[in-house]
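Read off the chains here:
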Amino acid sequence: MENQAEDVNVEQDNGNNKKEDNMNKKKIFIPLIGTLGDCKPYFILAKELKNRGHTVCLGVHKRFEDQAKAI
């Protein structure tokens, strides 16, 4: 068995990669069902994804609409 090393090219982000940044943005839909305790971790996840520039849509029961809109 041979071990082979592979060269990996890593580029430093200098802030000039706007087009590439836009290509990495995702539209994410998270369907949720359950109690508030079941859904809350996904609210936190959705908030972090939005902070990173992604578009997030949550599918929640009407009783959690206010929490979802607060994100």
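Values in this document were obtained by computation on a predicted structure and should not be read as measured data.

With respect to the side chain of His54
Within the secondary structure, His54 is located in the loop between helix H2 (36–51) and strand E2 (55–59). On the basis of relative accessibility, which here comes to 18%, the residue His54 falls in the buried class. A polar contact is formed between the side chain of His54 and the backbone nitrogen of Lys26, at a distance of 2.9 Å. If we ignore the near neighbours within four places in the chain, the residues touching His54 are Asn24, Lys25, Lys26, Ile28 and Leu49.

What to know about the pattern of salt bridges
Oppositely charged side chains can pair when the atoms bearing their charge come close. Applying the stated rule across the entire model yields two salt bridges. Ionic pairing is found between Arg52 and Glu48, a salt bridge with its closest N-O pair at 2.8 Å. The class for Arg52 is exposed, based on a relative accessible area of 55%. Among the residues examined, Glu48 registers a relative accessible area of 36% and is labelled partly exposed. Across the salt bridge formed by Glu65 and Lys69, the nearest N and O atoms sit 3.1 Å from each other.

Remarks on the nonpolar core
Membership of the largest hydrophobic core is limited to 10 residues, which are Ile30, Leu32, Cys39, Phe43, Ala46, Leu49, Val56, Leu58, Phe64 and Ala68. For this core, the secondary-structure elements that each account for two or more residues are H2 and E2. Take this core: its biggest share by element is four residues, from H2. Ignoring sequence-local partners within four residues, the contact set of Cys39 consists of Leu32, Ile33, Gly34 and Phe64.

A look at the environment of Leu32
For Leu32, the position within the fold is in the loop between strand E1 (27–31) and H2. The buried category is assigned to Leu32, whose relative accessible area is 13%. Linking Leu32 and Phe43, residues 11 residues apart in sequence, is a C-alpha distance of 9.6 Å.

Describing the pairing of E2
Along E2, the buried face is formed by Val56 and Leu58; none of Thr55, Cys57 and Gly59, which line the opposite face, is buried. Where E1 meets E2, five bridges bridge the pair, whose relative direction is parallel. Residue pairing across strands places Phe29 opposite Cys57, the latter belonging to E2. As a crossover connection, the stretch from E1 through H2 into E2 is right-handed.

Cut-offs applied
- Residues numbered from 1 in each chain as written.
- Predicted model: local features only at pLDDT ≥ 70, side-chain atom pairs only at ≥ 80, totals over all residues.
- Heavy atoms only, no water.
- Helix = DSSP H or I, 4+ residues; strand = E, 2+ residues; numbered from the N terminus.
- Buried < 20%, exposed > 50% of the residue type's maximum accessible area, 1.4 Å probe, protein only.
- Polar contact = N/O pair within 3.5 Å; in protein donor to acceptor, adjacent residues only side chain to side chain.
- Contact = heavy atoms within 4.5 Å.
- Salt bridge = Lys/Arg side-chain N within 4 Å of Asp/Glu carboxyl O.
- Core = buried A, V, L, I, M, F, W, Y, C linked by side-chain atoms within 4.5 Å.
- Pairing = 2+ DSSP bridges.
- Right-handed = clockwise from strand over helix to strand, strands pointing away.

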